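Results of the structural survey
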Amino acid sequence: MATAILIDGDFFLRRYRALHGKQPPQEVAEGMHRMCLEHLNQSGQRRNLYRIFFYDCPPLTKKAHHPITGKAVDFSKTPVAVWRLEFHAALKRLRKVALRLGYLNEHVAHWTPRPEKLKELLLSKTTVADLAEEDVLYAAPQKGVDMRIGLDIASIAFKQQADQIILIAGDSDFVPAAKLARREGIDFILDPIWATIRSDLHEHIDGLRTVLPRPNIRPKDAATHPPG
């Protein structure tokens, strides 16, 4: 049969940026596609690809006033939003890539200090009056992404569209869906892109494999636990 590859988009983009720095949207999309195709090379053979599912959210489009400067901010015109929209457009042009979009919950979005600044505030190493414009960010939680990943895993398993699922993610939210897929005979592989995962997650997967090389690591050393 074939391999289905599911990608937690926000996790992938954070890890890819950590390993390779900031890159144009088209280059990141192509890099993601190459990484997925490399996953098909297993045990000296090349598996068939069912489809690549990329899960993400459109960027914010609302306007808000910055709490430090008081300036109006149009999030639809920020570099972050422009980059994300160009990236989504690039994904849609790639063969066998399906873009699955959730949404950002704007109703509970709020300004918050960046993690490093929040830590300094809690340790009394700085004060609110010392915060600069770039020290705060607008946080809006994702909604619908985990649900879509779970539904697609269940659909692939029940419809027998693939006999292997490779999930590129870093948290434990996938565990119930992984259990279901494995009960249906699916070979379930996790790729955390070199991120550390909880030790108890190993019992819920059939293999751990990363094909994207770290900087200064030879490509032949990139895989950790090849499936099979």
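Read on for a plain summary of the structure.

The rules we used
- Residues numbered from 1 in each chain as written.
- Predicted model: local features only at pLDDT ≥ 70, side-chain atom pairs only at ≥ 80, totals over all residues.
- Heavy atoms only, no water.
- Helix = DSSP H or I, 4+ residues; strand = E, 2+ residues; numbered from the N terminus.
- Buried < 20%, exposed > 50% of the residue type's maximum accessible area, 1.4 Å probe, protein only.
- Contact = heavy atoms within 4.5 Å.
- Pairing = 2+ DSSP bridges.
- Axes fitted to C-alpha atoms, helices over the stretch in contact; angles between N-to-C directions.
- Core = buried A, V, L, I, M, F, W, Y, C linked by side-chain atoms within 4.5 Å.
- Salt bridge = Lys/Arg side-chain N within 4 Å of Asp/Glu carboxyl O.
- Polar contact = N/O pair within 3.5 Å; in protein donor to acceptor, adjacent residues only side chain to side chain.
- Parallel < 35°, antiparallel > 145°, perpendicular 65-115°, else oblique.
- Nonpolar A, V, L, I, M, F, W, Y, C, P; charged D, E, K, R; others polar.
- Phe/Tyr/Trp six-rings, centres within 6.5 Å; stacked < 30°, edge-to-face > 60°.

1. With respect to the environment of Val136
Relative to the assigned elements, Val136 resides in strand β10 (residues 136-139). The class of Val136 is buried, set by a relative accessible area of 10%. On a C-alpha basis, the gap between Val136 and Thr112 in space is 5.4 Å, while along the polypeptide they are 24 residues apart. Beyond its immediate stretch of four places on either side in the chain, Val136 contacts His66, Pro67, Ile68, Trp111, Thr112, Pro113, Arg114 and Leu131.

2. A look at the sheet that holds strand β14 (residues 207-208)
If you trace the six strands from one edge of the open sheet to the other, you get β7-β4-β1-β12-β13-β14, paired in parallel fashion. Looking at strand neighbours, the two that pair on one side only are β7 (97-101) and β14, the edges of this open sheet. Where strand β13 (residues 187-191) meets β14, two bridges bridge the pair, whose relative direction is parallel. Bridging across to β14, Leu190 finds its partner in Leu208. This element, helix α2 (residues 25-39), spans β1 (2-8), β4 (48-56), β7, β12 (164-168) and β13 of the sheet and lies at about 140 degrees to β4.

3. Details of the nonpolar core
In globular proteins that are soluble, nonpolar side chains generally tend to be buried together. By size, the foremost hydrophobic cluster in this structure holds 30 residues, and its most contacted members are Ile5, Ile7, Phe12, Met32 and Leu91. When residues of this core are traced back to their parent elements, those giving at least two are β1, α1 (9-20), α2, β4, α3 (79-92), β7 and β12. In contact with Phe12, other than residues within four places in its own chain, are Ile7, Val28, Met32, Met35, Phe54 and Ile193. Counting 29 residues, the second largest nonpolar core, distinct from the first, contains Leu6, Cys57, Ile153 and Leu208.

4. Remarks on the environment of Phe53
Within the secondary structure, Phe53 is located in strand β4. The exposure class of Phe53 is buried, given its relative accessible area of 3%. A C-alpha to C-alpha distance of 8.6 Å links Phe53 and Ile149, two positions 96 residues apart in sequence. In contact with Phe53, other than residues within four places in its own chain, are Ala4, Ile5, Leu6, Ile7, Ala98, Arg100, Asp152 and Ile156.

5. Looking at the pattern of salt bridges
According to the stated counting rule, one finds eight salt bridges in the structure shown. In this structure, Lys117 and Glu120 form a salt bridge, with 3.5 Å as the shortest nitrogen-oxygen distance. A residue pair is termed a helical-turn pair when its members lie 3 or 4 positions apart in one helix, as Lys117 and Glu120 do in helix α4 (residues 115-122) at three residues. A residue is classified by how much of its surface remains accessible, and Glu120, at 27% relative accessible area, is partly exposed.

6. Here's the deal with the side chain of Asp56
Mapped onto the secondary structure, Asp56 falls in strand β4. There is a polar contact of 2.9 Å between the side chain of Asp56 and the side chain of Arg84. The residues touching Asp56, leaving out its near neighbours within four places in the chain, are Gly9, Asp10, Leu13, Arg84, His88, Arg100, Leu101, Gly102, Gln142 and Val145.

7. Some remarks on the packing of helix α5 (residues 145-159) against helix α6 (residues 175-183)
Put simply, α5 and α6 touch, their axes get as near as 9 Å, and they point 0 degrees apart. By the angle between their directions, the pair α5 and α6 is classed as roughly parallel. Here Gly150, Ile153, Ala154, Ala157 and Phe158 of α5 lie close against α6, whose contacting residues are Ala177, Leu180 and Ala181. For the contact of α5 with α6, the class distribution of residues is seven nonpolar, one polar and no charged.

8. Let's talk about the packing of aromatic side chains
By the definition in use, this model includes nine aromatic pairs. Here the aromatic rings of Trp83 and Phe87 are separated by 5.2 Å at their centres, their planes lie at 20 degrees, and the arrangement is stacked. On the criterion of helical spacing, the pair formed by Trp83 and Phe87 is a turn pair, its members being four residues apart in helix α3. The same class applies to Trp83 and to Phe87, which are both buried. Residues Phe174 and Phe188 carry aromatic rings whose centres are separated by 6.0 Å and whose planes lie at 10 degrees to one another, so their mutual orientation is stacked. Of this pair, Phe174 sits in the loop between β12 and α6 while Phe188 is found in strand β13, placing the two residues 14 residues apart along the sequence. For Phe188, a relative accessible area of 0% puts it in the buried group.

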